[in-house]
There are 2 protein chains.
Amino acid sequence: MAIKVITVKEDVFGANEEKAKQNQQRLDGSGVTAVNIMSSPGAGKTSLILGTIKGLQGRARISVVEGDVASSVDAEKVNQQGTPVVQINTDGGCHLDANMMASALDNLPLAETDLLFIENVGNLICPAEFALGEHKRVVIASLPEGDDKPYKYPLMFTEADVVLLNKADLLPYLDFNVEEFEKAVRGLNPGVSIMQVSCKTGEGMDAWLSWLLGQVKQK
Amino acid sequence: MAIKVITVKEDVFGANEEKAKQNQQRLDGSGVTAVNIMSSPGAGKTSLILGTIKGLQGRARISVVEGDVASSVDAEKVNQQGTPVVQINTDGGCHLDANMMASALDNLPLAETDLLFIENVGNLICPAEFALGEHKRVVIASLPEGDDKPYKYPLMFTEADVVLLNKADLLPYLDFNVEEFEKAVRGLNPGVSIMQVSCKTGEGMDAWLSWLLGQVKQK
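The present account deals with the structure reproduced in this document. Everything numeric here is computed off the predicted structure, so don't read it as measured data.

1. Topic: the overall build of chain A
When helices and strands are counted, chain A shows eight helices and seven strands. Taking 17 Å as the expected radius of gyration for a compact globule of 219 residues, we find that chain A reaches 17 Å, a close match to that expectation. Seen through its principal axes, chain A has C-alpha atoms that stretch 50 × 50 × 35 Å. Taking all 219 residues of chain A together, the buried fraction comes to 54%. Here the contacts in chain A between residues at least 6 apart in sequence split such that 73% fall between residues at least 24 apart. One finds the centroid of the 20 positive side-chain charges in chain A at a distance of 2 Å from the centroid of its 29 negative side-chain charges.

2. Some points on the interface of chain B and chain A
Between chain B and chain A, the residue contacts involve 36 residues of the former and 36 residues of the latter. Considering only the side of chain B, the residues that lose the most area to chain A are Pro41(B), Lys152(B) and Tyr173(B), jointly responsible for 23% of the buried surface there. The tally of links from chain B across to chain A stands at six salt bridges. Across the pair Lys200(A) and Asp175(B) runs a salt bridge, and its minimum N-O distance is 3.8 Å.

3. Focus: the packing of helix H2 (residues 45-55) of chain A against helix H8 (residues 205-213) of chain A
Think of two packed helices as two axes; the pair is described by the angle between the axes and how far apart they sit. Residues and elements named next belong to chain A. Between H2 and H8, the shortest axis-to-axis distance is 11 Å and the interhelical angle comes to 75°. Here H2 lies roughly perpendicular to H8, going by the angle between them. Together, Leu48, Gly51, Thr52 and Gly55 of H2 and Met205, Trp208, Leu209 and Leu212 of H8 make up the contact between the two elements. A breakdown of the residues in the contact of H2 with H8 according to their chemical character gives five nonpolar, three polar and no charged.

4. Points about empty space enclosed by the protein
Scanning the entire structure with this criterion turns up one cavity of 30 Å³ or more. Quantified by volume, the largest cavity comes out at close to 60 Å³. By residue class, the composition of the lining of the largest cavity is five nonpolar, four polar and four charged.

5. A look at the side chain of Gln215(B)
Along the chain, Gln215(B) falls in the segment after helix H8 (205-213). Ignoring any residue separated from it by four or fewer positions in sequence, one finds Gln215(B) in contact with Thr33(B) and Lys136(B).

6. Considering the nonpolar core
Core analysis: the largest hydrophobic core is formed by 84 residues, its most contacted members being Leu116(A) and Leu116(B). Once residues lying within four places of it in the same chain are set aside, the contact partners of Leu116(B) are Leu27(B), Val32(B), Thr33(B), Ala34(B), Val35(B), Ser63(B), Val64(B), Val65(B), Met101(B), Leu105(B) and Leu108(B).

7. Observations regarding the pairing of strand S6 (residues 162-166) of chain B
Residues and elements named next belong to chain B. Where burial is concerned, most of S6 is hidden: five out of the five residues are buried. Side chains of S6 alternate between two faces, with Val162, Leu164 and Asn166 and Val163 and Leu165 buried alike. Relative to S6, strand S5 (residues 136-142) runs parallel, the two being bridged by five bridges. Note that in S6 the partner of Val138 across the bridge is Val162. As defined by bridge partners, S6 adjoins strand S7 (residues 193-196) across four bridges and the pair is classed as parallel. Bridging from a neighbouring strand, Val162 pairs with Ser193 of S7.

8. Let's talk about the sheet that holds S6(B)
Residues and elements named next belong to chain B. Read from one edge to the other, the open sheet built from seven strands follows the order S3-S2-S4-S1-S5-S6-S7, with strand pairing classed as parallel. Only two strands of the sheet have a single partner each, and these edge strands are strand S3 (85-89) and S7. Within the sheet, the average angular offset between the axes of one strand and its neighbour, ignoring direction, is 20°. Across the sheet, helix H2 (residues 45-55) touches strand S1 (33-39), strand S2 (62-68), strand S4 (115-119), S5 and S6, and the angle it forms with S2 is around 170°.

9. Things to note about the relation of the copies chain B and chain A
Least-squares fitting of chain B to chain A yields an RMSD of 0.0 Å, with the superposition described by an axial translation of 0.0 Å and a rotation of 180°. Such a combination of turn and shift is consistent with a two-fold rotation axis. Counting the interface residues of chain B, we find that 100% of their copies in chain A are interface residues as well, pointing to one common contact surface.

10. Some thoughts on the side chain of Thr83(A)
Residues and elements named next belong to chain A. Positionally, Thr83 belongs in the loop between helix H3 (73-80) and strand S3 (85-89). Residue classification places Thr83 among the buried positions, given a relative accessible area of 6%. Leaving out residues up to four positions away in the same chain, Thr83 has contacts with Ile53, Ile62, Ser63, Val64 and Val78.

11. Let's talk about the pattern of salt bridges
This structure, assessed with the given rule, holds 18 salt bridges over all chains. Lys152(A) serves as the salt-bridge partner of Asp74(B), at 2.4 Å between the closest nitrogen and oxygen. One end of the pair, Asp74(B), is in helix H3 (residues 73-80); the other, Lys152(A), is in helix H5 (residues 149-152), on a second chain. Like Lys152(A), Asp74(B) is buried.

12. Let's talk about the sheet that holds strand S4 (residues 115-119) of chain A
Note on sheets: strands pair through backbone hydrogen bonds, and any given pair is parallel or antiparallel. Residues and elements named next belong to chain A. What the seven strands build is an open sheet, ordered S3-S2-S4-S1-S5-S6-S7; its pairing is parallel. The open sheet has two edge strands with one neighbour each: S3 and strand S7 (193-196). Between one strand and the next, the sheet's axes are offset by a mean angle of 20°, whatever the strand orientation. Pairing of strand S1 (residues 33-39) with strand S5 (residues 136-142), which is carried by five bridges, proceeds in the parallel orientation.

Calculation notes
- Residues numbered from 1 in each chain as written.
- Chains lettered and ligands numbered in written order.
- Predicted model: local features only at pLDDT ≥ 70, side-chain atom pairs only at ≥ 80, totals over all residues.
- Heavy atoms only, no water.
- Helix = DSSP H or I, 4+ residues; strand = E, 2+ residues; numbered from the N terminus.
- Rg over C-alpha atoms; globule rule 2.2 N^0.38 Å.
- Buried < 20%, exposed > 50% of the residue type's maximum accessible area, 1.4 Å probe, protein only.
- Contact = heavy atoms within 4.5 Å.
- Lys, Arg positive; Asp, Glu negative; His and termini not counted.
- Charge placed at Lys NZ, Arg CZ, Asp CG, Glu CD.
- Buried area = accessible area lost by both parts, 1.4 Å probe.
- Salt bridge = Lys/Arg side-chain N within 4 Å of Asp/Glu carboxyl O.
- Axes fitted to C-alpha atoms, helices over the stretch in contact; angles between N-to-C directions.
- Parallel < 35°, antiparallel > 145°, perpendicular 65-115°, else oblique.
- Nonpolar A, V, L, I, M, F, W, Y, C, P; charged D, E, K, R; others polar.
- 1 Å grid on protein atoms, 1.4 Å probe; cavity = no way out; pocket = protein on both sides within 12 Å on 5 of 7 lines; lining within 4 Å.
- Points joined across faces, edges and corners; volume = space filled by probe spheres on them.
- Core = buried A, V, L, I, M, F, W, Y, C linked by side-chain atoms within 4.5 Å.
- Pairing = 2+ DSSP bridges.
- Least-squares fit on C-alpha atoms with pLDDT ≥ 70 in both.

Now the structure itself:
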């Protein structure tokens, strides 16, 4: 019985990986760079996407996939900016998967997109296990969450290309040790880029936008 | 095939519910009140438990179950206060379940415990689906997460007995609408108690401690 369960789990991950590869080939065929944005609930994924759309206006064409357990409040905010967006509701599910992503791609103008942001479900655990076909993984850690999160959610930080440390404007009011946090992240993932930002004040956003522009493909 | 998957899922939940009932009977037999504490990563579960142990010193005997994906940093903090504690590492799993809870109960001094705190894995989604045998469910929402969380993680807020709104000391620095938050929570769960606290400054802790003392059973 135990072996059977493991087999099922492997099949689920295997089938997801296969579908994710297909998604990535499709994105490559349209010259789209896809960025999977993951974090705890309320760390600032939507605020980051809204700030990035504004910051890259006229420099890159953006589309967005919004993943949520329920509601479409985030997609509505993105849509107000005139950006193409698809909302996926997982109906209780704790992460996006490659099949959901494939359905979203059917409904987005890929030929007119340079950067596709995927806002994953707010969860520091399960989304790290499911590839969607993205080219880059970004984890947002929020200063009020505390500096010990890399020790407690290691897979998420191990698999990130960029860690954004958001809500930097709150640093004076918190007991957060930036050096300890960076040490913990680099212990898991020596090559990762760590950038301190505040989506509220705009602090640090230039470095993030420059990194993103470096990921855009020639069409 | 689809029907088979649904059956497996129902079996998993059914078996968990059965085990949770057994855990609760065992707790009742020892006169222990168990409180399942759930939240996003970094909302303040461990700080709440540490502050509560201090606040109830000499008034109630406390034991703790610490649930984490990895590490034992939280259990070490609790242990330093001389409180009996068991750490459960889920090794990637996104929630505690009733079997893990049963193993923890085997290793705690139930006869000398009035209140058992269960610190669930930091996750606003999956822990709400798995009963552990607890008598009460407490959700900690943290002010920096924003006031829209009840819309996005409805099950967690629907099933809570108490919602603690933590990090109240940061209110002056945030765009957080307390009325909107309370309205959203009560829309899902009209009878819930909502208490504003700061584990850092101690603000609001008296109401929380009084509520807890009201849950202690006569032995």
